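Descriptive analysis of the structure
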Amino acid sequence: MTIHEDTALSAEKFAANLRYLCERSGSISDICRKMKINRQQFNKYMSGLHIPSVQNRRLIAKYFGISPDVFFVEHEEFRMLIEGNYFHALEALRHAARFSGFLETGLLHQRSASEGFIGIYDRYQYSSIYKGKILRSAYCIYRNRDFLQHYYVERFPSFDRPSKADYVFKYHGFTIPLDGRIFSIDFEVGQKNEMTFGIYAPVQRSAKNFMFGITSGIAATMLRPPYATKVAMHFRAPGMLRKEHLKRVTTLEENDTSIPVEVRQFLGSDEMLPRP
């Protein structure tokens, strides 16, 4: 597929991420031979001149053990996914004997039912760092072969210079749909000292799709004590996170009108998991 102006950015992301994987995987000739893809054509993929066909994207993704969609995330996020070893961890879990029963009941049998959860969300919760503020983060659920995974970004602007961030946290994890609920476990990949757990109930209000639930977590430092709080997620679009979604990541006042009414009502109520 030859690049048009509206696909140039996608080709650039794909090329940068493919080059990064190839640098870690040996000679290009060996890679092409094992995938049975023409070397000259493969060079065009790495240079950003062409985006591979759907069939070749699948071949490349299968060879490197990731989902084709992951090739189109921002390069910084892609490096974090790979360097964090999350895909290799999943492969190890996939082949662990004690994990196979859990996979059958909790993940693989949920494949068709889970497609509706994939996409980009605004994630809202009361901040444990900026008291009284509502944190809006950018959250994405995506499929990686048999699994659903997610990643999200939190940003805490400086009080003195709001255009700058005092703290930025990035989480990657696994999403498990089970009997109409969503369970999540994730890891903070910057400081590498925190795990969080969540359970959410999908809810449709008018034409808007939400997930309401709770999350809890603990870090390996007493400067960030254990916490539990309500979380609301508002579905925004299919696909993976892009720069326009990350620009919305910030902290907000409780009465900020950019927060959906349904979210403010849930966060301010005593109800934890509303009925669908």
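To keep things clear, this report deals only with the structure shown in the data block. Note that the structure is a prediction, hence the values are computed from the model and not measured.

What counts, and where the lines are drawn
- Residues numbered from 1 in each chain as written.
- Predicted model: local features only at pLDDT ≥ 70, side-chain atom pairs only at ≥ 80, totals over all residues.
- Heavy atoms only, no water.
- Phe/Tyr/Trp six-rings, centres within 6.5 Å; stacked < 30°, edge-to-face > 60°.
- Helix = DSSP H or I, 4+ residues; strand = E, 2+ residues; numbered from the N terminus.
- Buried < 20%, exposed > 50% of the residue type's maximum accessible area, 1.4 Å probe, protein only.
- Lys NZ or Arg CZ within 6 Å of the ring centre and 35° of its normal.
- Arc of directions from axis to C-beta.
- Contact = heavy atoms within 4.5 Å.
- Core = buried A, V, L, I, M, F, W, Y, C linked by side-chain atoms within 4.5 Å.
- Axes fitted to C-alpha atoms, helices over the stretch in contact; angles between N-to-C directions.
- Parallel < 35°, antiparallel > 145°, perpendicular 65-115°, else oblique.
- Left-handed = near helix turned anticlockwise from the far one by under 90°.
- Salt bridge = Lys/Arg side-chain N within 4 Å of Asp/Glu carboxyl O.
- Pairing = 2+ DSSP bridges.

**Section: the packing of aromatic side chains**
As enumerated under the stated definition, the model contains 19 aromatic pairs in all. Judged by centre distance (5.4 Å) and plane angle (45 degrees), the rings of Phe14 and Phe72 are tilted. On the criterion of sequence distance, the pair formed by Phe14 in helix H1 (residues 8-23) and Phe72 in the loop between helix H4 (54-64) and helix H5 (75-83) is long-range, its members being 58 residues apart. In this structure Phe14 comes out as buried when scored by relative accessible area, which is 1%. By way of ring pairs, the aromatic residues Phe14, Tyr20, Phe71, Phe72 and Phe78 are connected into one cluster. The ring of Phe266 has Lys230 lying over it, and the distance from NZ or CZ to the ring centre is 5.1 Å.

**Some thoughts on H4**
What H4 keeps buried is the set Asn56, Arg57, Ile60, Ala61 and Phe64. Looking straight down H4, one finds its buried side chains confined to an arc of 135 degrees; they lie on one side. Opposite the buried face of H4, at more than 90 degrees from it, the exposed residues are Gln55, Arg58 and Lys62. Where H4 is buried, its residues touch H1, helix H2 (28-35) and helix H3 (39-47). Residue Gly65 follows H4 closely and has a positive phi angle near 75 degrees.

**A few points about the environment of Glu77**
For Glu77, the position within the fold is in helix H5. For the pair Glu77 and His172, spaced 95 residues apart in sequence, the C-alpha separation works out to 10.0 Å. What Glu77 contacts, discounting residues up to four positions off in sequence, is Tyr151, Val153, Lys170 and His172.

**Focus: the nonpolar core**
Ranked by internal contacts, the top residues of the largest apolar core, which has 32 residues, are Leu18, Cys22, Phe42, Ile60, Phe64, Phe71 and Phe78. For this core, the secondary structure elements donating two or more residues are H1, H2, H3, H4, H5 and strand E2 (134-144). In terms of residues, this core owes the most to one element, H1, which gives five residues. When neighbours within four sequence positions are excluded, Ile60 is seen to be in contact with Phe14, Leu18, Met35, Ile37, Phe42, Tyr45, Pro52 and Phe71. The next biggest cluster of nonpolar side chains, apart from the first, holds 16 residues, and it includes Phe117, Tyr152, Tyr200 and Val231.

**Examining the packing of H2 against H4**
Packing of H2 against H4 brings their axes to within 10 Å, and their N-to-C directions diverge by 115 degrees. One finds that H2 runs roughly perpendicular with respect to H4. You can see that H2 and H4 cross each other, and the crossing is right-handed. Touching Ile31, Lys34 and Met35 of H2 are Leu59, Ile60, Tyr63 and Phe64, all from H4.

**Things to note about the pattern of salt bridges**
Considering all chains together, one arrives at seven salt bridges under this definition. With a shortest N-O distance of 2.8 Å, Lys170 and Glu76 are connected by a salt bridge. Of this pair, Lys170 sits in strand E4 (residues 165-178) while Glu76 sits in helix H5, and the two are 94 residues apart along the sequence. For Lys170, a relative accessible area of 13% corresponds to the buried category. What makes Glu76 exposed here is its relative accessible area of 52%. Here the salt bridges do not stand alone but share partners, grouping Asp122, Arg236 and Arg248 into one network.

**Regarding the pairing of E4**
Bridge count for strand E3 (residues 147-157) against E4 is 10 bridges, and the pairing is antiparallel. Residue pairing for E4: Leu148 is matched across the bridge by Thr175. Strand direction decides the pairing type here: E4 and strand E5 (residues 181-188), joined by eight bridges, are antiparallel. If you follow Pro177 over to E5, its bridge partner there is Ile182.

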